[in-house]
Each structure stands twice: as structure tokens, then as C-alpha cells.
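# Per-entry structural report
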Amino acid sequence: WSPEPRAVLIPAQFHISRSLARRMRHGGFEVTFDGDFSGVIDGCAAPRSDDAGTWITAEMRSAYRELHAQGHAHSIEYWRDGELRGGLYGVAVGRAFFGESMFSRESNASKIVLAHLCRWLLAWDYALLDCQMHTAHLASLGACDMPRAQFAAQLATLVDLSPSPLAWRREASVS
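How each quantity is defined
Sequence positions are assigned chain by chain, starting from 1 and proceeding in written order. Local features are withheld for residues below a pLDDT of 70 in this predicted model, meaning they are given only at 70 or higher, and side-chain atom pairs are given and counted only at 80 or more; totals for whole chains, interfaces and linings count all residues. Calculated side-chain values reflect all of the structure's heavy atoms, with hydrogen atoms and water omitted. Note on exposure labels: buried denotes an accessible area under 20% of the residue type's maximum, exposed denotes more than 50%, and partly exposed covers the range between, all computed with a 1.4 Å probe on protein chains only. We count a stretch as a helix when DSSP gives it H or I for four or more residues in a row; a strand needs E for two or more, and each element gets its number in order from the N terminus. For two strands to count as paired, DSSP must find a minimum of two bridges between them. Note on definitions: angles span 0 to 180 degrees between N-to-C directions of axes, and those axes are lines fitted to C-alpha atoms, for helices only across the stretch in contact. We call a set of buried residues a nonpolar core when its members are Ala, Val, Leu, Ile, Met, Phe, Trp, Tyr or Cys and they connect through side-chain atoms within 4.5 Å of each other. The contact rule is simple, with two residues in contact once any of their heavy atoms fall within 4.5 Å. Aromatic rings from Phe, Tyr and Trp, with only the six-membered ring used for Trp, were paired whenever their centres fell within 6.5 Å, and each pair was classed as stacked if the ring planes differed by under 30 degrees, edge-to-face if by over 60, and tilted otherwise. By this rule, a helix spans an expected 1.5 Å times one less than how many residues it contains.

### A short note on the pairing of strand β4 (residues 83–93)
In terms of burial, β4 is largely enclosed, as 8 of its 11 residues are buried. When strand β3 (residues 73–80) meets β4, the two strands line up antiparallel, connected through 8 bridges. Its bridge partner lying in β4, Ala73 is registered against Val91. Bridge count between β4 and strand β5 (residues 96–104): 8 bridges; the pairing is antiparallel. Residue pairing in the sheet places Leu88 in a bridge with Met102 of β5. Linking β4 back to β5 in an antiparallel pair, the connection comprises 2 residues, with Gly94 at a positive phi of about 60 degrees.

### Brief notes about the sheet that holds strand β7 (residues 144–146)
Pairing between sheet strands relies on hydrogen bonds along the backbone, with the strands arranged either parallel or antiparallel. Spatial ordering of the open sheet is given by β2-β3-β4-β5-β6-β1-β7, a layout of 7 strands whose pairing is mixed. A single partner strand is all that each edge strand has here, and the edge strands are β2 (30–33) and β7. Taking the axes of each pair of neighbouring strands and ignoring which way they run, one obtains an average angle of 35 degrees across the sheet.

### Considering the nonpolar core
Within the largest apolar cluster, 31 residues are counted, with the highest numbers of intra-cluster contacts made by Ile76, Phe97, Leu114, Leu117, Leu129 and Trp168. Those elements that place two or more of their residues in this core are β1 (6–9), α1 (18–26), β2, β3, β4, α4 (109–123) and β6 (128–132). For this core, the leading source of residues is α4, giving 9 residues. If we ignore the near neighbours within four places in the chain, the residues touching Ile76 are Val31, Thr32, Phe33, Val40, Gly86, Gly87, Leu88, Val113, Leu117, Trp120 and Trp168. The next biggest cluster of nonpolar side chains, apart from the first, holds 13 residues, and it includes Val40, Leu84, Tyr89 and Phe103.

### Details of the packing of aromatic side chains
Summed over the entire model, instances satisfying the criterion amount to 10 aromatic pairs. Note on Phe29 and Tyr78: the rings are 5.2 Å apart at their centroids and 20 degrees apart in plane angle, and the pair reads as stacked. On the criterion of sequence distance, the pair formed by Phe29 in the loop between α1 and β2 and Tyr78 in strand β3 is long-range, its members being 49 residues apart. A single burial state applies to Phe29 and to Tyr78, both of which are buried. When the ring of Phe33 is compared with that of Trp168, the centres are 5.5 Å apart and the planes differ by 85 degrees; the resulting orientation is edge-to-face. Residue Phe33 is located in strand β2, and its partner Trp168 is located in the segment after α6 (148–158); the two are separated by 135 residues in the primary sequence.

### Here we look at α4
When the terminal C-alpha atoms of α4 are compared, their 21 Å separation across 15 residues agrees well with the 21 Å that a helix rising 1.5 Å per residue should span. Counting buried residues along α4, 11 of its 15 residues qualify, which places the element largely inside the surrounding structure. For α4, every residue scored as buried is listed here: Ala109, Ser110, Ile112, Val113, Leu114, Ala115, His116, Leu117, Cys118, Trp120 and Leu121. Asp125, located one to two residues past α4, shows a positive phi value of around 65 degrees.

So, to be careful, I would describe these as geometric facts and stop short of saying anything about function.
Below, the structure is given as C-alpha cells:
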């Protein structure tokens, strides 16, 4: 599946609004990665309040869990009071990250998770976060549309690069 155009987020261009920056400074939450992959994918697969269905089938969850066990799929979690309140998951290939889905059970949780992911990707020299489809929410955070041909050309380079040795190692995370 390859939409035209492709929504992408360049980690260095992530936009943190004043209200989001203020919320992040106030703290009271923890952001981790690969701390509860199953919990995140299940949260993403749960029905939304405005829709009873999900596109993330049991077979897909199983396949992504296998990719996670192999070190390719990753999750970023937002915790408050020890409870998983938001997160996202995706697949890292070379120096590109392919965001698959996110969920939030608390206002701003998914934005905070995405902000941390972009900070980590920038520190690890990842050049691209694939968002797939354009949404107003992602655009407000700095995502832009990229023509499919340009996206494919960038991927041809990025997927062949070795990931940073620091990438996806918990002890190397950037808070």
C-alpha cells in the first residue's frame, strides 16, 4: 500500500506547540520504548469512541509481535501512575521508522509520545518517520506530504543504512 502523496515527518521538524511544551514541562508521566509492545498494539487495536471497528486484526497483531521479537517493530509508551495511557508502534528499517498506529486514553498522550519518538530518532540519526496518510492532527505536529517518487527515492537510501548502534537500546534513550 503506497498512498500518493505520502505523509512523512522529518524528526527535526516536529512542531511542539506552546501548550504541549507546557504540558511536557509539568511532567507527572513517564515515556518509555519497548516497555509494553503488546499493550500498545492492543490499545491501538481497541475500538475508538467514534468507531466500533479496527483495521488491526488478530493476525496483524500476531505478525507485529513477531517483528517485535525479532527487533524490528517497536513501541513507545506513555505512563501515568503506572498505567499505560497512550502509545504508538511501528517498524524500524535502516534509518527510517514506519509509524503504524497510535492511541491515547489521556489528552496529549499521543502527542507527547510522538515528541519523544522524534527526539530519539533525531539523536539516532533517523531521517524519516513515515506517517502514511495525511491528517490535520499530524500536519499540526509538522508532518508534510511527500510525492511517492521522492518518498521511494529517500527510502532506497535510508533502508540500506545501518541503524545507529544506540538506537532502540533502553540505556541509550534520550528523555
